Structure formats: structure tokens, C-alpha cells
Amino acid sequence: MMFTVAIDGPAAAGKGTISKAVAAHFGFDHLDTGLLYRAVGARVLDGADATEAALALSPEDLEASNLRSAEVAQMASQVAVISEVRAALVTFQREFARRPGGAVLDGRDIGTVICPAADLKFFVTARPEIRARRRYDELREKGEETSLDTVLADVKARDDRDMNRADAPLKPATDAVLIDTSDLSIEDAVDKVARLIRDQLPPSV
Ligand code: CDP
């Protein structure tokens, strides 16, 4: 069975948590596509050329321990503007989406560019202040020294860059289901998404 779920949305909206949970629930594979851009960003911070890094990306690059830092997030959104970088990552993502047994991909352009024919598309969002608070808590938990104001400014700068770039800008696919997690618990958000997936699955699954 092939079944592709696309989950897009702005920074720290809860895409990752929802994607991981529903993939585990249905036994689908999950790809956090942001990690690809973060890995390229991390290589650039180490002095590499962005396009060369994207073309040479290896599974080990996705294991680097600093990928979740705020510094890498900002560089990820800067390399994500470069069309050659995006092009270098397309085939891997499209092949992942066709894995037998089902796949969930989360990112910014999954429903619009990478998998326009996905079986189900979601656009997960939340108010910027709420997203910043969640990301601030995550970063603090990882030991990163920062302030809520800094995180809010970072999240807004990244959203702005992601929404306004020429190639594959962040926007909901016309057929995406909108999920606002501002006033939803993570359990409720996962439930909502899982129920909609369940309704679309072939009866045998
Ligand atoms: O976890 P968070 O939502 O903060 O970010 P992420 O999903 O790890 O993505 C980091 C950055 O990569 C984003 O700000 C985008 O600029 C870029 N990205 C993208 O352009 N396209 C994707 N499909 C995924 C991420």
C-alpha cells in the first residue's frame, strides 16, 4: 500500500510532533524534511558551499548533534532560498514519499511542490507567540541560553523568509486541511489528524 501524508506549516507549529505520532500510530515512515535543510545549513556554518553540501548530503549529516540549534535553523532558512539547494533535495524526498507501507513528510512545500498528489495534506499552524513559547521551552530544555523575545524574533524572521521566497514559498496547498494548534493540546491535534487519515485509508489497513 502506498499512502502519502503531507504536513506543512510555519516554524515550531507542532508539525514534527504530530508527524512523528501519526507515523508511529499507523506504522508509516516519517521524514522531517526540515532536517535536510538544517543539515545543509550546518555544513555551510562549517564553511561548505550550500549547493555542494546539498548535492553531497549523506545520512550521517542528518545525525549531527547541533541541527536543532537556533543558529542552524536560521542558516537552514537562508540556504532554503537557493533553488539549486532545493532541487538537489527533491528526488530523495519524492522517493521517500513513495515508500511502500505509507509515509508522512513534514516541511514547508510538501503539499505544494514535493507531493502535490499526496493522499492527504495538512497545514499546521499556531499564533507566533505560542510557537515561540514552545520553541523557547525546547531550546532551554536542550541547554541553549536564549530569551523568549529572541526566539519570537527568530521565528518571525524565518516565517517571513520562508513565505516570501520565490521558489517553493511556505503556503497552504489549496486542498490542505488547516489545523490551528494554538488552543489544542498535542494529544487533541494528533487525534484530529489521525482520525482524518483513518477515514482516507483503504479498508484493509
Ligand atoms: O522545526 P521548525 O519548524 O522550526 O523548522 P524545520 O522544519 O526544521 O525547517 C528549518 C528551515 O528549513 C525552515 O525555516 C525552512 O526555511 C526550511 N525548510 C524548507 O524550506 N522546506 C522544507 N520542506 C522544510 C524546511
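That block above? That's the structure.
Residues numbered from 1 in each chain as written. Predicted model: local features only at pLDDT ≥ 70, side-chain atom pairs only at ≥ 80, totals over all residues. Heavy atoms only, no water.

*Asks:* Whenever I open this one, the site of the ligand confuses me. Can you help?
*Replies:* In the vicinity of the ligand, 18 residues are found, and the nearest of them are Arg38, Arg86, Arg135, Arg158 and Asp162. One of the backbone N or O atoms of alanine 12 is found 3.1 Å from an oxygen atom in the ligand. Contact with the protein chains hides 97% of the accessible area of the ligand, taken as 530 Å² for the molecule alone. Of all the secondary structure elements, the ones that give two or more residues to the shell around the ligand are α2 (34-45), α4 (70-79) and α8 (148-164). Residue contributions to the shell around the ligand peak at three residues, all from α2. (Near = heavy atom within 4 Å. Polar contact = N/O pair within 3.5 Å; in protein donor to acceptor, adjacent residues only side chain to side chain. Areas by Shrake-Rupley, 256 points an atom, 1.4 Å probe, with all protein chains shown as cover. Helix = DSSP H or I, 4+ residues; strand = E, 2+ residues; numbered from the N terminus.)

*Asks:* Can you help me understand the packing of α2 against α4 in this one?
*Replies:* The angle between the axes and the distance between the axes are what describe a pair of packed helices. Interaxial distance between α2 and α4 falls to 7 Å at its minimum, and their mutual angle equals 100 degrees. It follows from the interaxial angle that α2 and α4 lie roughly perpendicular. Of the residues in α4, those in contact with Tyr37, Arg38, Val40, Gly41, Ala42, Val44 and Leu45 of α2 are Glu71, Val72, Ala73, Met75, Ala76 and Val79. Among the residues forming the contact of α2 with α4, the class breakdown is 10 nonpolar, one polar and two charged. (Axes fitted to C-alpha atoms, helices over the stretch in contact; angles between N-to-C directions. Parallel < 35°, antiparallel > 145°, perpendicular 65-115°, else oblique. Contact = heavy atoms within 4.5 Å. Nonpolar A, V, L, I, M, F, W, Y, C, P; charged D, E, K, R; others polar.)

*Asks:* Is there a simple way to explain the packing of aromatic side chains in this structure?
*Replies:* When we look at a pair of aromatic rings, we describe it by the centre distance and by the angle of the planes. Applying the stated criterion across every chain, the model contains three aromatic pairs. Ring centres of phenylalanine 3 and phenylalanine 28 lie 6.0 Å apart, and the angle between their planes is 40 degrees; this geometry places the pair in the tilted category. One end of the pair, phenylalanine 3, is in the segment before β1 (4-8); the other, phenylalanine 28, is in the loop between α1 (15-26) and β2 (29-32), and 25 residues separate them in sequence. Take phenylalanine 3: its relative accessible area is 3%, and that puts it in the buried class. Residue classification places phenylalanine 28 among the buried positions, given a relative accessible area of 6%. Here the aromatic residues Phe3, Phe26 and Phe28 are joined through ring pairs into a cluster of three or more. (Phe/Tyr/Trp six-rings, centres within 6.5 Å; stacked < 30°, edge-to-face > 60°. Buried < 20%, exposed > 50% of the residue type's maximum accessible area, 1.4 Å probe, protein only.)

*Asks:* Which parts of the structure should I look at to understand α4?
*Replies:* Along an α-helix, a turn takes 3.6 residues, which lines up residues three or four apart on a common side. Among the 10 residues in α4, eight count as buried, and that is most of the element. Turning to α4, its buried residues are Ala70, Val72, Ala73, Gln74, Met75, Ala76, Ser77 and Val79. Lining the buried residues of α4 we find α2, α3 (50-55), α5 (83-97), α7 (128-141) and α8.

*Asks:* Just checking my understanding: could you explain the nonpolar core for this structure?
*Replies:* When a protein is soluble and globular, its nonpolar side chains tend to lie buried together. Counting residues in each nonpolar core, the largest one holds 20 residues, and the members touching the most others are Val5, Phe28, Phe122 and Ile197. Among the secondary structure elements, those contributing two or more residues to this core are β1, α1, β4 (120-125) and α9 (186-200). With five residues, the top contributor of residues to this core is α9. Residue contacts for phenylalanine 122: discarding those within four places in its chain leaves Val5, Ala6, Ile7, Asp8, Ala176, Val177, Ile179, Val193, Leu196 and Ile197. Core analysis: the next-biggest nonpolar cluster, separate from the first, contains 12 residues, Leu36, Met75, Ala80 and Leu89 among them. (Core = buried A, V, L, I, M, F, W, Y, C linked by side-chain atoms within 4.5 Å.)

*Asks:* How should I be thinking about the environment of serine 182 in this particular structure?
*Replies:* Residue placement: serine 182 occurs in the loop between β5 (177-180) and α9. A residue is classified by how much of its surface remains accessible, and serine 182, at 10% relative accessible area, is buried. Distance in space between the C-alpha atoms of serine 182 and arginine 127 is 5.9 Å, their sequence separation being 55 residues. Dropping the residues within four chain positions of it, serine 182 is found in contact with Thr125, Ala126, Arg127, Ile130 and Arg134. Among the polar contacts listed, one links the side chain of serine 182 to the backbone nitrogen of arginine 127, at a separation of 2.9 Å. Separated by 2.6 Å, the side chains of serine 182 and aspartate 180 make a polar contact.

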